[in-house]
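Report on the structure
Here is what each chain is made of, one letter per residue.
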Amino acid sequence: MKIAFVQPPPRSEFDRHWARFPGLGIAYVASSLRAAGHEIELLDGKLDELTVDDIVARVRDGCPGLVGVTCMTVEYPRAVEIARRIKVDRPDVPIVVGGAHVNAVGAQALVEGEAFDFACVGEGEYLSCELADALHGGVDPSAIPGLVSRRGDEIVTAVPRSPPDDYDALPFPAWDLFRPVETLPLITHRGCPFRCVFCSHNSGFRPRYRTPANVLDEIEQIVERHRPHRIRIEDETFGLHMGRTKAILEGIIARGFHRRIRFSAQTRVDRVDEEFMRLLKEANFGLLELGVESGNPDVLKKIEKGITLEQVERAVALAKANGLRVWCKFILGHPHETHETVRDTIDFIAKLNPHQLSVSIMTPFPGTPIHEMALRGEGGYRLLSGGWEDFDKYSSGVLELETVSLGQLKRYQIACYANLYLRNGRLVELARLVVSNRAVGWEMLRSAVGRTVLEGARRLRRQGDASPRPLDLLPDGGDAAAEVVDERGDRRPRHDDVVTRNTLRRSRRQQQNGLGTEGPRVDAGRSGERNRGRQQHEVKEAGRVPQVAVRDELE
Ligand code: B12
Ligand code: SF4
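I will try to describe carefully the structure that is included in this document. Residue numbers restart at each chain and count upward from 1, following the sequence in its written direction. Think of it this way: whatever chain is written first is A, whatever ligand is written first is 1, and the rest follow in order. The predicted origin of the model limits local features to residues at a pLDDT of at least 70 and limits the giving and counting of side-chain atom pairs to 80 or more, whereas totals for whole chains, interfaces and linings rest on all residues. Side-chain metrics rest on all non-hydrogen atoms present in the structure, leaving aside hydrogens and water.

Describing the overall build of the chain
Just so we agree on the cut-off: Here a strand is any run of E in DSSP of at least two residues, a helix any run of H or I of at least four, and the numbering for each starts at the N terminus. Under the scheme applied here, a residue whose accessible area is under 20% of the maximum for its type counts as buried, over 50% as exposed, and between as partly exposed, the area being computed with a 1.4 Å probe on protein chains only. Here, two residues are considered to be in contact whenever any of their heavy atoms come within 4.5 Å of each other. All accessibility values rest on the Shrake-Rupley procedure with a 1.4 Å probe; residue burial counts only the protein chains present in the view.
Across its full length, the chain carries 19 helices and 17 strands. Evaluated residue by residue, the chain yields a buried proportion of 60% over its 555 residues. Sequence separation of 24 or more characterises 74% of the internal contacts of the chain that already satisfy a separation of 6 or more. For the chain, the computed accessible surface area is about 22400 Å², with 51% contributed by carbon and sulfur atoms.

Here we look at the sheet that holds strand S14 (residues 325-332)
Let me state the cut-off plainly: A strand pair is defined by DSSP finding two or more bridges across the two strands. Axis definition: a line fit to C-alpha positions, over the contact stretch in the case of helices; interaxial angles, taken between N-to-C directions, run 0 to 180 degrees.
The sheet built from six strands is open, its strands ordered S8-S11-S12-S13-S14-S15 with parallel pairing. Of all strands in the sheet, those bounded by a partner on one side alone are strand S8 (183-186) and strand S15 (356-361). On average, adjacent strands in this sheet sit at an angle of 20° to one another, irrespective of strand direction. Sheet topology note: the S14/S15 ladder contains six bridges and is parallel. Residue pairing in the sheet places Cys328 in a bridge with Leu357 of S15. The sheet contacts of helix H15 (residues 406-423) involve S14 and S15, and relative to S15 the element is tilted by about 175°.

Re the packing of aromatic side chains
The condition that has to hold: Pairing of aromatic rings covers Phe, Tyr and Trp, the last counted by its six-membered ring, and requires centre-to-centre distances within 6.5 Å; plane angles under 30 degrees mean stacked, over 60 mean edge-to-face, and any other angle means tilted. We call a charge positioned above a ring when the Lys NZ or Arg CZ atom is no farther than 6 Å from the ring centre and deviates by at most 35 degrees from the ring normal.
With the rule as written, the count across this model stands at nine aromatic pairs. Ring centres of Trp18 and Phe21 lie 6.3 Å apart, and the angle between their planes is 40°; on these two criteria the pair is classed as tilted. Classification of Trp18 by relative accessible area gives partly exposed; the value is 31%. The class of Phe21 is buried, set by a relative accessible area of 19%. With centroids separated by 4.9 Å and ring planes inclined at 65°, the aromatic side chains of Trp388 and Phe391 adopt a geometry described as edge-to-face. Each member of the pair, Trp388 as well as Phe391, is classed as buried. An aromatic cluster is present here, built from Phe238, Phe263, Phe276 and Phe285 joined pairwise through their rings. One residue, Arg232, lies across the ring of Phe21, its end atom 5.2 Å from the ring centre. Here Arg268 stacks its cationic end above the ring of Phe194, 3.6 Å away from the centre of that ring.

What about the site of ligand 2?
Selection criterion: Whether a residue is near a molecule or strand depends on its heavy atoms: if one lies within 4 Å, it is near. For this classification, the nonpolar set comprises Ala, Val, Leu, Ile, Met, Phe, Trp, Tyr, Cys and Pro, the charged set comprises Asp, Glu, Lys and Arg, and every other residue, Gly included, is treated as polar.
Around ligand 2, the neighbouring residues are Cys192, Phe194, Cys196, Phe198, Cys199, His201, Glu236, Arg268 and Lys305. Of the residues in the shell around ligand 2, the class split is five nonpolar, one polar and three charged.

Comments concerning the site of ligand 1
Threshold: Pairing of N or O atoms within 3.5 Å defines a polar contact, subject to two protein rules: one partner must be a possible hydrogen donor and the other a possible acceptor, and residues neighboring in sequence count only if both atoms are side-chain atoms.
In the neighbourhood of ligand 1, 39 residues make up the surrounding shell, with Thr70, Glu125, Asn202, Glu236 and Lys393 lying closest. Contact between ligand 1 and Glu75: an oxygen atom at 3.5 Å from a side-chain N or O atom of the residue. In this structure, a nitrogen atom belonging to ligand 1 sits 3.2 Å away from a side-chain N or O atom of Ser203. Those elements giving two or more residues to the shell around ligand 1 turn out to be helix H1 (13-18), helix H2 (24-35), strand S3 (66-70), strand S4 (95-98), helix H5 (100-105) and helix H7 (124-136). Of the residues that constitute the shell around ligand 1, the class distribution is 15 nonpolar, 13 polar and eleven charged.

Observations regarding the side chain of Thr341
Its location among the elements puts Thr341 in helix H13 (residues 339-352). Overall, the relative accessible area of 11% leaves Thr341 in the buried class. Here the side chain of Thr341 touches Glu337 through a polar contact of 2.6 Å, side chain to side chain. If near-sequence neighbours (up to four positions away) are discounted, Thr341 is found in contact with Asn296 and Val299.

A word on the nonpolar core
Keep this limit in mind: We call a set of buried Ala, Val, Leu, Ile, Met, Phe, Trp, Tyr and Cys residues a nonpolar core when their side-chain atoms join them within 4.5 Å.
Ranked by internal contacts, the top residues of the largest apolar core, which has 146 residues, are Phe116, Ile219, Ile252 and Phe285. Other than its neighbours up to four places away in sequence, Ile219 contacts Leu186, Ile231, Ile252, Phe257 and Phe263.

Here's the deal with the packing of H13 against H15
Put simply, the test is: By definition in this entry, angles of less than 35 degrees are roughly parallel, angles greater than 145 are roughly antiparallel, angles of 65 to 115 are roughly perpendicular, and the rest are oblique. Crossing handedness is read from the near helix: turned anticlockwise from the far helix by less than a right angle, it gives a left-handed crossing, and turned clockwise, a right-handed one.
In contact at an axis separation of 8 Å, H13 and H15 are set at 25° when each is read in the N-to-C sense. The orientation of H13 with respect to H15, classified from their angle, is roughly parallel. Considering how the two elements wind past one another, H13 and H15 form a crossing that is right-handed. Contact residues: His339, Val342, Arg343, Ile346, Asp347, Ile349 and Ala350 in H13; Gln408, Tyr412, Ala415, Cys416, Asn419, Leu420 and Arg423 in H15. Split by residue class, the contact of H13 with H15 holds eight nonpolar, three polar and three charged.

So, the sheet that holds strand S7 (residues 154-157)
Whether parallel or antiparallel, the strands of a sheet pair through hydrogen bonds between backbone atoms. Taken together, seven strands build an open sheet; the order of strands is S2-S1-S3-S4-S5-S6-S7 and the sheet is mixed. Unpaired on one side and paired on the other, strand S2 (39-44) and S7 mark the two borders of the sheet. Within this sheet the neighbouring strands show an average axis-to-axis angle of 20°, counted without direction. Taken strand by strand, helix H3 (residues 52-62) contacts strand S1 (2-7), S2 and S3, and its axis lies near 160° from that of S2. This element, helix H4 (residues 76-89), spans S1, S3 and S4 of the sheet and lies at about 175° to S4.

So, the pattern of salt bridges
This is how the line gets drawn: Each reported salt bridge corresponds to a side-chain nitrogen of Lys or Arg within 4 Å of a carboxyl oxygen of Asp or Glu.
All chains considered together, the criterion is met by 36 salt bridges. Where Lys246 meets Glu275, a salt bridge forms, and the shortest distance between an N and an O atom there is 3.0 Å. Highlighted residues: Lys246 in helix H9 (residues 242-254) and Glu275 in helix H10 (residues 274-282), separated in sequence by 29 residues. Using a relative accessible area of 33% as the deciding quantity, one classes Glu275 as partly exposed. The partner of Arg376 in a salt bridge is Glu372, with the nearest N and O atoms 3.8 Å apart. Linking Arg376 with Glu372, this pair stays in helix H14 (residues 369-376), spanning four residues, or about one helical turn. By relative accessible area, which is 30% here, Arg376 ends up partly exposed.

Describing the environment of Pro171
Position of Pro171 among the secondary structure elements: in the loop between S7 and S8. Given a relative accessible area of 26%, Pro171 falls into the partly exposed group. Residues Pro171 and Glu125, 46 residues apart in the sequence, show an inter-C-alpha distance of 9.3 Å. Contacts of Pro171, omitting those with residues within four sequence positions, involve Tyr28, Ser31, Ser32 and Ala35.

Considering the environment of Phe257
Note that Phe257 resides in the loop between H9 and strand S12 (262-267). Taking C-alpha positions, Phe257 is 7.8 Å from Ala283, a pair spaced 26 residues apart along the chain. In this structure Phe257 touches Leu216, Ile219, Glu220, Ile252 and Phe263, once residues within four positions along its chain are discounted.

In structure tokens form, the structure reads like this:
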């Protein structure tokens, strides 16, 4: 069967910044499908700069028997738009959606995306082959584990899919389908057992490993066939199983890959030691990414990061002493964050003086404890937007705190970067950074200024009144302390802040469709295998469209 895979095009400068990295998930799914005898056409809106129109035209002309779309949360609205447009020309072509967003929301991906016929919840290598075979053979695919299917007005969720038993058995990602790039991703294990409250756990909690020999064979294939400048190890924590990690590093050195290609990786500051750093350097890992998140010890405890500031300082010092470049990543807007804790972070960044820095704003990705806190107004949070397109953690407009407004968070975000370079006398580097990232920098600045002006205007209008209080956004009708405020430039706020009763509106839509409103709660529980199972089971039992947990497109 001919299958078209769609990578949605970028929407913003922030998206464009990431668009140079190819998608590992679809590269894996495509290679499994190809190994099973299917023909793959890649429609890459990022690397090939295809527009939505281009993608729709290519599907119309190419007549695939199945279209697969991948998306993270921020990309989901774009994915929905593409599917809807494809269905206008080709109502007969089945469309399956997968990726981090779908793994988190499950059946809801079909509730909100009416043009999707199927959703893949979990890993897609085997599921996609089973789906393609079923469709090819005219068999009903709805019992395929991990699959959510639309059957008329009904959404059917099959039992959850367990991850593969043997990751060494998967064919290597199909990079030949992609345009050649400077950096290719590689993953040596999936799953992270830690419990940071903001993390999506897209690959689940239980770590599943490939053998070092299998990883090294993939590196060899990449070096021989695709010749990128760098391999970026995408493991969430490269040092998770240190014995195995060191075996991979020693293998890289023993097989001479370190002389042919550069590497980078990310890990936790508590999963490093002197020997690991030395091996990284020897194996030609130029850059080590470390998730630090906050410069305040109490905040680190609240977010269950499980690390201390001392461990951070030690890891950064060890990396620098071994000649590695260090890239530290922070988040502003943690639960109960205050101006003081943010200032601690700003100071800590300057003290650490990493070579590279990323500072994002807390974004409540579905399936995370932060998402649930935001919905309930816990942690001092106020939910500002329910639109998935706002779920970009660098330009995020989704959350603010009662104590620190979004405008302030955005200004602090810029201050973190400025302070790092200015306080450490790195003026030339700062100038270079500003020039080379001017599009993203400009968008960041524009967004901070825009939000600050908006907040100033609101304060004047309100003359000190509090924002309208939360409505029952949770599907169980509970007293959710959350509000949805439309602040996007193209639409006018209804009152001071627009509070949207999306459940009400959705209920109305469901009533019109004769589906009733008392569906089970599909809460965006953690995307770990256990909760995924619970969600799906509930939907299946009720056999009808579930109520939706939160968001809305703010008509
Ligand atoms: C590599 C990576 C990137 C890379 C490459 C992204 C890419 N296009 O693949 C880069 C650096 C570009 C990146 C960028 C971003 N990322 Co990122 N990234 C990751 C990381 C570390 C690994 C992803 C990966 O390759 N996993 C391994 C593969 C095998 O798994 P997979 O992608 O889920 O794919 C499997 C299934 O989902 C499924 N599948 C996927 N697509 C499809 C499609 C079909 C049709 C089917 C059937 C199945 C299927 O099958 C695949 C194989 O099993 C994850 C963390 C993680 N563990 O997932 C974060 C993660 C995916 N990223 C995340 C985020 C938030 C982002 C950003 C949005 C950050 C931001 N700016 O806010 C940007 C995206 C910008 C944009 N618009 O593109 C979040 C996503 C959360 C969410 N709900 O959206 C994650 C989960 C990190 C986290 N812990 O929160 N990212
Ligand atoms: S943030 Fe990193 S360490 Fe924490 S749970 Fe997520 S992947 Fe694991």
